[in-house]
Amino acid sequence: MAKIIGVANQKGGVGKTTTAVNLAAALGVLEKKVLLIDADPQANATSGLGVEEVQYSTYNILEHSVETEKCIQKTTSPNVDIIPSHIDLVAAEIELVDKENREYMMRESLATVSDDYDFVIIDCAPSLGLITVNALTAADAVIIPIQCEYFALEGLGKLLNTIKTVQNIHNKNLDIEGLLLTMYDPRLRLSNQVVEEVKSHFPEMVFDTIISRNVRLSEAPSFGESILMYDAESKGAIQYLQLAEEVLMKNEHLVKN
């Protein structure tokens, strides 16, 4: 059965989709079979992997209107499939409100396909709404990207409280895979201060890998490619491979040979 990892932060612009796409791609390059789920109505992970035609999407797996297998599409990244997103996903937040067990829709859908993968990576929307709660209820663990900027820790407490609520009510096994520092610039004193502060507050939870600011990382989505396909020798590609290796080490006992 796959290890399901949500990538979540209610703050936008912290490198969440960049992390979901490139961690999935890096795990694929390391010969793990990966399913990426785009659970953000903006569909940036979908376009970031070059998927243009979407017939069925995350909306359908939340609504249980189509079999999960029919929503899965191949990508150009080795060993990576995707359940794409669509602007229709905005409606799911409203349509699920009156449904019984509405927080468990994604978990139930993924149960039918998770045996086919080593990892499922869920790119969550920048909110703490019902779709994100669905993702956290379905997940085994969550990665929280934290931007190395002034407001880095703002809202982190709220997200950790949401995770605790999900643990208490919907998913007692939900774990925090780690805090990932992103958009790091070693030349800036502020960046270094944020790194020190996060590591001092959460010493056991922070990944060793830090994702630096990198122009190539910003360029790759416009070509519909992961950083590993776009420029495998760039600093961003190397760092996401390091992150993937960290994730594999943490989950050594779970991953298929």
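Our subject is the structure that appears above.
Residues numbered from 1 in each chain as written. Predicted model: local features only at pLDDT ≥ 70, side-chain atom pairs only at ≥ 80, totals over all residues. Heavy atoms only, no water.

Below, the discussion takes up empty space enclosed by the protein. Under the defined criterion, the tally for this structure stands at one cavity of 30 Å³ or more. Here the largest cavity is characterised by a volume of approximately 30 Å³. N9, Q10, K11, I146, A152, E154, G155, L156 and L159 together form the lining of the largest cavity. Of the residues in the lining of the largest cavity, the class split is four nonpolar, three polar and two charged. (1 Å grid on protein atoms, 1.4 Å probe; cavity = no way out; pocket = protein on both sides within 12 Å on 5 of 7 lines; lining within 4 Å. Points joined across faces, edges and corners; volume = space filled by probe spheres on them. Nonpolar A, V, L, I, M, F, W, Y, C, P; charged D, E, K, R; others polar.)

Time to look at the pairing of strand β1 (residues 3-7). Most of β1 is tucked away: five of the five residues are buried. Relative to strand β5 (residues 119-124), β1 runs parallel, the two sharing five bridges. What sits directly across from V7, in β5, is D123. Across three bridges, the pairing between β1 and strand β6 (residues 141-147) is parallel. Along β6, the bridge assignment pairs I5 with A141. (Buried < 20%, exposed > 50% of the residue type's maximum accessible area, 1.4 Å probe, protein only. Helix = DSSP H or I, 4+ residues; strand = E, 2+ residues; numbered from the N terminus. Pairing = 2+ DSSP bridges.)

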